[in-house]
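# Residue-level structure breakdown
Letter by letter, the chains look like this.
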Amino acid sequence: MKRAQPSFLHARDNSVDRRMRPRPNTRVNLEELLTHDSECSSTRSSSLSHIDSPASLEHDEAAAETSKDSETVRVYLRMRPCSKNNPYSTHENMLVVKNVDEYSPERQYMFTDIFNGHLSQAEVYDRCIKSAIRNITGDRGATFLTYGTSASGKTYTLLGTNNNPGIIPRAIEQIFVEQASNISPHPSFRIDRTSISFLDDDTVCEELKKVKCMKSMLQNTETCHPLMKSKIRREHTFQPKKDPDVRVFIWVSFVEIYNENVYDLLAFDSIFTKRKPMKVLSNEGNAYIKDLSCIFAGSSEDALSILEFGLQSATYGSTEVNSNSSRSHSIFSITVVSYSLATQHVSYSVYKFCDLAGSERLKKTGNHGERLKEAQKINTSLLVLGRCLETVHKNQKNKKLAELVPVRESKLTMLIQSALLGREKLTMIVNLFPTEESYDENLNVLNFSSIAKQIVLQKRPTQKNNRTTRYSFFLAQATSSPSSRIDGNRLMVENEMLKQELSQEIAMHREQLSEKDLEIQLLKRELLKQELQLRNELTDDFESYSAQREATFKTRLKQAQDAAALPYKLQISNLNTKIEDLKTIIADMEYDEEENERRLNVYKDELRKYREKERRVRRLSL
């Protein structure tokens, strides 16, 4: 077909596009060609009628207003208990701020609901969070913010204590109780850069080891977590859902934004080395953190252990207002991945719990040095968050001149931009410390929350483009022809036949597998008998060899003893000869000794006789 030549004098025909290619009439509805004939007539009549009745317009406006009200940002006010006189009073959902001097006028602020200081953690959770987490399948997720001045009770509302758990432990328990029959104990899918990836067996083992390693580093979790779990279940009535077609996988991540740098609180490397800031990237308008640690939680105890492990790495500091003040914004995320066995469809929902650091004033906190730098970064990020909410509010008032929402000016707004831009539900819990000393800071918090309360976050439904093109026109004609329907029926029949063949193959393979199992069992028994027989033979051979070696060693030992004793026998015989000679000499000496004694006795007698003779001679001489 010849293309039409462009002309500056005559306008082109409506059936020709801007590239001078002929196209079919735009009034043809391609969807009608794919549906049944009866449905085609009704659809065609509705598509050709451009004038709606007033009743239908009123119905559409009412539905739009209803949907608009349901998607309004929910802002709750929770007041911390205070015994001092405070200039605040409540009337249902309205907070009235009285004037503290003659120059400050009285102000009124509207909230979704107002909680006094004596309301329990369970009641706060039931009114604010429970309904938003009830439907975890098919929903994109939600973002929950706790905002307020320093020492107003934000962290207590979000985390609580072991005796009074906060929002996060209760949300974890609600998810695991309601999806108890669907939660898988082993990970199979996870979110990787806003896309779903399948895990192999080695990766599954590594993910399970991470949770065990975190539990081993914690103390007193075996007693605290069961008590917290039982207390939450006593205070709430979570209804388990029964859907055997769905498998649910829970993944947890925990980050903090400190001095406009994002740090991973679940990274093992940061325990022994210096922490490294992480990059925040965006993929088709969805922000994610590069190389973020996502830990699989197979039970509520695992999720609580992961939370406690991350809190040990969070940054806290002391100021004149709060001795244990959060010096960073922390975001605890629960990703719920749902897998349908029937449709093979995988979807996920992300629930972010943000603990915003408190806004501070230098003259009251007395910050200096590093604390001053932290306070400046905190106030800057909160200022950007307020500008984002104000810009969204202005764009809703004046849709013709829409401004760009400055979500990229802060890491906090980048990570929660889905909620700010209306893609997720947004719930804000404003914590207030009702004292005159915090009057100025509380006014800033209330002004911030009043802007958020007026914002309507509307989800933009994905609309199909009904514009006809050359390809879709020919495709519709091809699919609407009788031959295509015959081919479709033939494909369906072939598909059913293939399914039956596949089922038969599966049954046959199962039978073969059972037979192989029996053969394996028989082979194992035979192998066991052979092994036992071989061991007996080896034992007998070893015993006979040991006996033979023992006899040989005895013979060699006797020979060695005889050979060693032979030279000593000759020495012994020589010594015996010498002994006999000495005995003969001793006998001769004994005989000589007797003879000498006899002679001595004779000499003694002669001496005695001589002395007597000499004595007589002397007497005679006298």
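This part takes up the packing of aromatic side chains. Enumeration according to the criterion identifies nine aromatic pairs in this entry. Considering the side-chain rings of Phe144 and Phe353, the 5.0 Å spacing of their centres and the 20° angle between planes classify their relative orientation as stacked. Here Phe144 is found in strand β6 (residues 141-148), whereas its partner Phe353 is found in strand β17 (residues 346-355), with 209 residues between them in sequence. A single burial state applies to Phe144 and to Phe353, both of which are buried. Taken together, the aromatic side chains of Phe189, Phe198, Phe249 and Tyr339 make up a single cluster linked through ring pairs. Directly above the ring of Phe433 sits Arg80, whose terminal nitrogen or CZ lies 4.7 Å from the centroid.

Axis separation between helix α7 (residues 167-178) and helix α9 (residues 221-235) bottoms out at 10 Å; the angle between their running directions is 75°. With respect to each other, α7 and α9 are oriented roughly perpendicular. Where α7 approaches α9, its residues Pro169, Arg170, Glu173 and Val177 are matched on the opposing element by Met228, Lys229, Ile232, Arg233 and Glu235. Class assignment of the residues belonging to the contact of α7 with α9 gives a composition of four nonpolar, no polar and five charged.

Taken as a whole and assessed by the stated rule, the structure comprises 18 salt bridges. Residue Glu173 pairs with Arg233 through a salt bridge whose shortest N-O separation is 2.8 Å. With Glu173 in helix α7 and Arg233 in helix α9, this pair connects stretches of sequence that are 60 residues apart. A salt bridge links Lys231 to Glu235; its shortest N-O distance comes to 3.1 Å. Taken as a pair, Lys231 and Glu235 lie in helix α9 at a separation of four residues, close to a single helical turn. When salt bridges with common partners are traced through the structure, they connect Arg170, Lys231 and Glu235 into a single cluster.

Let us look at the environment of Val211. You can see Val211 is positioned in helix α8 (residues 201-217). Sequence-wise, Val211 and Ser305 are 94 residues apart; in three dimensions their C-alpha atoms are separated by 8.1 Å. With near-sequence residues (within four places) excluded, Val211 lies in contact with Ile295, Phe296 and Asp302.

Criteria and thresholds
- Residues numbered from 1 in each chain as written.
- Predicted model: local features only at pLDDT ≥ 70, side-chain atom pairs only at ≥ 80, totals over all residues.
- Heavy atoms only, no water.
- Phe/Tyr/Trp six-rings, centres within 6.5 Å; stacked < 30°, edge-to-face > 60°.
- Helix = DSSP H or I, 4+ residues; strand = E, 2+ residues; numbered from the N terminus.
- Buried < 20%, exposed > 50% of the residue type's maximum accessible area, 1.4 Å probe, protein only.
- Lys NZ or Arg CZ within 6 Å of the ring centre and 35° of its normal.
- Axes fitted to C-alpha atoms, helices over the stretch in contact; angles between N-to-C directions.
- Parallel < 35°, antiparallel > 145°, perpendicular 65-115°, else oblique.
- Contact = heavy atoms within 4.5 Å.
- Nonpolar A, V, L, I, M, F, W, Y, C, P; charged D, E, K, R; others polar.
- Salt bridge = Lys/Arg side-chain N within 4 Å of Asp/Glu carboxyl O.

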